[in-house]
Amino acid sequence: MKRYALIVGIGEYKYLTDLSKPAGDAQAVHDLLLAHGNFDSIELLQNQNATRQRLFNALEKILLQQGNTQDVLIYFTGHGFTAGPSKYSQQGYLSTYDCQVELDDKQIVGASKAIPFQDLNGLIAEANLSSLVMLLDCCHSGYFIEQALVQKGLTTAFSQEGYFLSAACRSFEVARAKRVEDHSIYTGALLAALGRKDEPKITALSVHQYIAERLKRSGQEAIYYGYGGDLELVSYRAVPEIAKTTPDVCPYQGLYAFDRDTQEYFYGRRDEVIDLRQKLDQCNFVPVVGPSGMGKSSVVRAGLLPRLEERGWQVLIMKPDDEPMGRLRRAIKDWLETQNHMPRRKQQTLVQIFDDQDLVAWANALPGGDRLLLVVDQFEEVFTQRKEKETEEQQRLPDEQSRFIQQILAVSDLPESRLKIVTTMRSDFLDLWLATGQPPKVVQRQTVYLGPLQDQNLNDAIVKPAQTQGYDIGPGLLELILNDVEAEPNSLPLLEFALSELWKCRDVEQRLLTAAAYRQMQGLKGALNKRAEDEYEKLLETEQKRIRQVCLALVRIGRDEKDTRRRRLKTELLALGTNDVDKETIQYVIDGFVAGRLLVTDGDETSGYVDIAHEALMAGWQRFAHWRQENRDQRRLVQRLEDAREEWVSKGKNEKYLLQGGLLEEWRGLDAPLRETLLPQGELRSFFALSDEQEQANAAALQRTLDALQLKERADRVNNKLNNFGQYTVEATLEALDMVGDSLQRFNQTVKTPAQDVLQRAWSKIRERLTLEGHSGLVNAVAFSPEGDRIVSGSADNTLRLWDREGNPIGEPLQGHS
């Protein structure tokens, strides 16, 4: 039977008063249940992560799961309150991080973005679970239990083991905490009740009895409501003797690299580590090269570094990203700050030497002492960050990447250098590396090449980590794994991930990893895909769309099938959202996949990076592999657009570096819905829009220039006709009138000077050709009919007269006008 738990602790609030205990209380409950509750999954929401939307989604997900074989436990601690215009219309609420309340003379009369007890009732009424335990540590929490509504919902919702609801206080009471205590009164008693290791099994009823006794004379009374059997919360069964001497720590690393902390579980690369150490004794620069999935980072971090540090070496580790020189400077500065024996002024001088000169000058300026190793992990990032141009031949490394490579190579020629360098790089980037002018000796003599694990080395990597924890490989399992490895090229990351998943299914009593468990988790290829799918299926539909966005943003689509991982700042990924809710959802799915060990993060919320745990995820998760095949050419367009924007920013947002030409035309050629999908609201879309606007403005300006030239040419032709002694005066006049209309149309209702001049000159050239005789006063208005066959004239003699085009009168004058 599956067991799930949701633990919520909100001590920080966006609009309400902060509380000192809830975050720590929730963490303590989470840790205790994780260790002794035998739960299949425990979700922890704290502070900013517990917004109204996220908390309600989590409640909905855990209570409305499909099937009826789940046991569910929910713990909440934070603000609780009642609201309503009078005591007769009060409703109870659980406060969320972004909750707001409406006050009327200090009385809460309304709330927004809170979780009403009534909604919680509704979810419980729809639940189809085996059992439910709910523990509420908040003010007025008894309001939830004392409402008749909840009893009605529970009666129909549970038909098997039952339910147990516990509240820290009555509906009219507040939940208390003492400053001198680590936990609130209720949660402190709860933790003590759950932590009684002398009891083999701790049940819900025994917990309530313990809490009720502890809360006597505390100013609050814990109450409960239950039905059915006495539900088990935690257990402390006897642990086999062998486990007391060998703690059960997973010795396999999944998609993560081995490092100093996990070196005791790292097997199978002894010869390569020895080769690496020997080459470092002979030269300053040693590249470690191999296909993706060969464990290059593990060889360096878990194999080489601990042995060098035992000999007194110091180590700097960096990844190039898109600013390798900047990353190198930060690594150097961070290392200097750890040199407590070095005066502050000397540290600043060394940083200045690096800034003003180069890495060689910095290495030569280092004071005498232990040797120093610079590790450049994932060196291929230097090449994946190159700008994508219109053709392959136009591609080149940016200046910063070229300078970074030159400075590293320069160190390799230093005699008696204190500084040495090791890089790790995928072998499919070897051609690009050679194209930078690598000296033959580096390629031929200094490089350590990693191939697949084979024979006894492969056996050791599978068997010996488990043996460090007192476990054996069960009958038939090793043969199954070896067959799968042989059938799957570059399978080391898949193997390590499958073994880490197999560890979760280990037979604790027999101390075995079994073939049956391996088959059930779908073997080598199925393990990673199954884990990723499990994490994906936990998400709501909107959250699934967001994790798709995040995963694709962490990949750089290459030509053909040559895709690479791409670390991104958390802030860049959050910018994929168009509002706060979107950003919270993106942060939530990132956190979930990090907890599932499929993504990794470093740094803080504003400056940290997010990365795929290993490139094996890109192909090993079938859904992800399918995503990468969708709109590949268009996604490469996105990357080229990103490159162009980065250059525009680096040039001070000079309009000369806005997008133009063929790339802009390709973007315009995309279907609008696809363009909207590929370019969500944000800086990239703004860059495209700004580039599009500028090109259209430039095109319009060019068209206006051409129009002005054409107008000038027409004016010259008309003037030539007017100069021909009046022979073409009428024709020229008509063309001048046409030029006026053309100017109005092309130049925003403006008559340009050439049209004005030629029209004025034409008027001055016109001579009288037709005389209208018959008016006795001044003629002050004349008009042609639309067909041009009639003329009407108006005169100061208060008459209108009608004429044919030859000047002959038609009919009698029209009189009566004043």
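This structure is a prediction, so every number in the text was calculated from the model and none was measured.

Trainee: Could you give an account of a nonpolar patch on the surface, with specific residues and numbers?
Mentor: Taken together, Val730, Leu734, Leu737 and Trp763 make up a surface patch of nonpolar side chains, about 410 Å² in accessible area. In terms of residues, the nonpolar patch owes the most to one element, helix 32 (residues 729-746), which gives three residues. Among the secondary structure elements, Trp763 is positioned in helix 33 (residues 753-765).

Trainee: Would you mind going over helix 1 (residues 22-36) in detail, with residue names and values included?
Mentor: With 15 residues, helix 1 extends 21 Å between its outermost C-alpha atoms, agreeing within 8% with the 21 Å of an ideal straight helix rising 1.5 Å per residue. Those residues of helix 1 not exposed but buried are Pro22, Asp25, Ala26, Val29, His30, Leu32 and Leu33. On the buried face of helix 1, the contacting elements are strand 1 (2-9), strand 2 (41-46), strand 3 (70-77), strand 9 (131-137), helix 6 (185-194) and strand 13 (232-235). Just downstream of helix 1 lies Asn38, where phi reads positive at about 55°.

Trainee: Go over the packing of helix 22 (residues 523-537) against helix 27 (residues 622-629) with me, naming the residues and quoting the values.
Mentor: Look at helix 22 against helix 27: their axes get within 8 Å of each other, and the N-to-C directions meet at 80°. In terms of orientation, helix 22 and helix 27 fall into the roughly perpendicular class. Contacts from Asn529, Glu533, Tyr536 and Glu537 of helix 22 reach helix 27 at Gln622, Arg623 and Trp627. A breakdown of the residues in the contact of helix 22 with helix 27 according to their chemical character gives two nonpolar, two polar and three charged.

Trainee: With reference to specific residues and values, describe the sheet that holds strand 18 (residues 448-449).
Mentor: Taken in spatial order, the five strands make up an open sheet running 15-16-17-14-18, and their pairing is parallel. Every interior strand has two partners, whereas the edge strands, strand 15 (314-318) and strand 18, have only one. Examined bridge by bridge, strand 14 (residues 285-290) and strand 17 (residues 419-426) share six bridges and lie parallel to one another. Directly across from Val288, in strand 17, lies its bridge partner Thr424. Against the sheet, helix 11 (residues 324-337) makes contact with strand 15 and strand 16 (372-376), and its axis sits at roughly 150° relative to strand 15, the strand it touches most.

Trainee: Residues and numbers for the packing of aromatic side chains, please.
Mentor: Tallying each qualifying case throughout the model produces 15 aromatic pairs. The interplanar angle of 70° and the centroid separation of 5.3 Å between the aromatic rings of Trp621 and Trp627 together place this pair among those described as edge-to-face. We note that Trp621, like Trp627, is buried. By way of ring pairs, the aromatic residues Tyr536, Phe593, Trp621, Phe624 and Trp627 are connected into one cluster. Note that Arg3 overlies the ring of Phe39, its terminal NZ or CZ placed 4.4 Å from the centroid.

Trainee: Give a description of the state of the cysteines that names residues and reports values.
Mentor: As enumerated under the stated definition, the model contains zero disulfides in all. With no disulfide partner, Cys169 has as its closest neighbouring cysteine sulfur the one in Cys139, 6.0 Å distant. Residue classification places Cys169 among the buried positions, given a relative accessible area of 0%.

Trainee: Explain the pairing of strand 5 (residues 91-94) to me, using residue names and the numbers behind them.
Mentor: Note on strand geometry: in a regular strand, side chains alternate between the two faces of the sheet. The sheet contact formed by strand 4 (residues 80-83) and strand 5 spans four bridges and is antiparallel. Its bridge partner being in strand 5, Ala83 is matched across the sheet by Gln91. Pairing analysis gives two bridges linking strand 5 to strand 8 (residues 115-116), with the strands arranged antiparallel. Bridged to Leu94 within strand 8 is Ile115.

Trainee: Give a detailed account of the pairing of strand 27 (residues 790-795), specifying residues and quantitative values.
Mentor: Here strand 26 (residues 779-784) runs beside strand 27; their pairing, made up of five bridges, is antiparallel. Counted as the bridge partner of Ala783 is Val792 from strand 27. Linkage of strand 26 to strand 27, two consecutive antiparallel strands, is achieved through a turn of five residues, within which Gly788 is found at a positive phi near 80°. In the sheet, strand 27 pairs with strand 28 (residues 800-804) via five bridges, with the strands oriented antiparallel. When the sheet's bridge partners are listed, Val792 is paired in strand 28 with Leu802.

Trainee: Please give an account of the side chain of Asp582 that cites residues and values.
Mentor: Along the chain, Asp582 falls in helix 25 (residues 580-595). Asp582 sits in the buried class, given a relative accessible area of 15%.

Trainee: Now, about unusual backbone geometry: what can you tell me, with residues and values included?
Mentor: Although it is not a glycine, Asn38 adopts a positive phi angle of roughly 55°. With respect to the element layout, Asn38 can be found in the loop between helix 1 and strand 2. Taking the relative accessible area as the measure of exposure, Asn38 reaches 63% and is therefore exposed. Here the phi dihedral of Arg597 falls at roughly 65°; this positive angle occurs in a residue that is not glycine. Mapping Arg597 onto the fold places it in the loop between helix 25 and strand 24 (599-602).

Trainee: Would you mind going over the sheet that holds strand 8 in detail, with residue names and values included?
Mentor: If you trace the three strands from one edge of the open sheet to the other, you get 4-5-8, paired in antiparallel fashion. Both outer strands of the open sheet, strand 4 and strand 8, are each paired with one neighbouring strand and no more.

Trainee: Please give an account of the environment of Leu205 that cites residues and values.
Mentor: Mapped onto the fold, Leu205 is located in helix 7 (residues 204-214). Look at Leu205 and you get partly exposed, because its relative accessible area is 31%. Among residues more than four places away in sequence, those in contact with Leu205 are Phe164, Tyr224 and Asp230.

Trainee: I'd like to hear about the pattern of salt bridges, residue by residue, with values.
Mentor: A side chain of one charge can pair with a side chain of the opposite charge if their charged atoms are brought near each other. Scanning the entire structure with this criterion turns up 34 salt bridges. Between Arg170 and Glu221 there is a salt bridge whose closest N-O contact spans 3.6 Å. Separated by 51 residues along the polypeptide, Arg170 in the loop between strand 10 (162-167) and helix 6 and Glu221 in the loop between helix 7 and strand 12 (223-228) bring together distant segments of the chain. Of the charged contacts in the structure, one is a salt bridge between Arg628 and Asp563, with a shortest N-O distance of 2.6 Å. Note that Arg628 is positioned in helix 27 and Asp563 in the loop between strand 21 (555-556) and strand 22 (564-565), a separation of 65 residues in sequence. Members of the salt-bridge network, linked through shared partners, are Glu381, Arg565, Arg567 and Asp611.

Trainee: I'd like to hear about helix 7, residue by residue, with values.
Mentor: The complete set of buried residues in helix 7 reads Ala204, Val207, His208 and Ile211. Angularly, the buried residues of helix 7 cover 100° about the axis, an arc narrow enough to put them on a single face. Tucked inside the fold, the buried residues of helix 7 contact strand 10, helix 6, strand 11 (201-203), strand 12 and strand 13.

Cut-offs applied
- Residues numbered from 1 in each chain as written.
- Predicted model: local features only at pLDDT ≥ 70, side-chain atom pairs only at ≥ 80, totals over all residues.
- Heavy atoms only, no water.
- Patch = residues over 30% accessible without salt bridge, like charges linked within 9 Å, V, L, I, M, F, W, Y side chains within 5 Å.
- Areas by Shrake-Rupley, 256 points an atom, 1.4 Å probe, with all protein chains shown as cover.
- Salt bridge = Lys/Arg side-chain N within 4 Å of Asp/Glu carboxyl O.
- Helix = DSSP H or I, 4+ residues; strand = E, 2+ residues; numbered from the N terminus.
- Expected span 1.5 Å × (residues − 1).
- Buried < 20%, exposed > 50% of the residue type's maximum accessible area, 1.4 Å probe, protein only.
- Contact = heavy atoms within 4.5 Å.
- Axes fitted to C-alpha atoms, helices over the stretch in contact; angles between N-to-C directions.
- Parallel < 35°, antiparallel > 145°, perpendicular 65-115°, else oblique.
- Nonpolar A, V, L, I, M, F, W, Y, C, P; charged D, E, K, R; others polar.
- Pairing = 2+ DSSP bridges.
- Phe/Tyr/Trp six-rings, centres within 6.5 Å; stacked < 30°, edge-to-face > 60°.
- Lys NZ or Arg CZ within 6 Å of the ring centre and 35° of its normal.
- Disulfide = S-S within 2.5 Å.
- Arc of directions from axis to C-beta.

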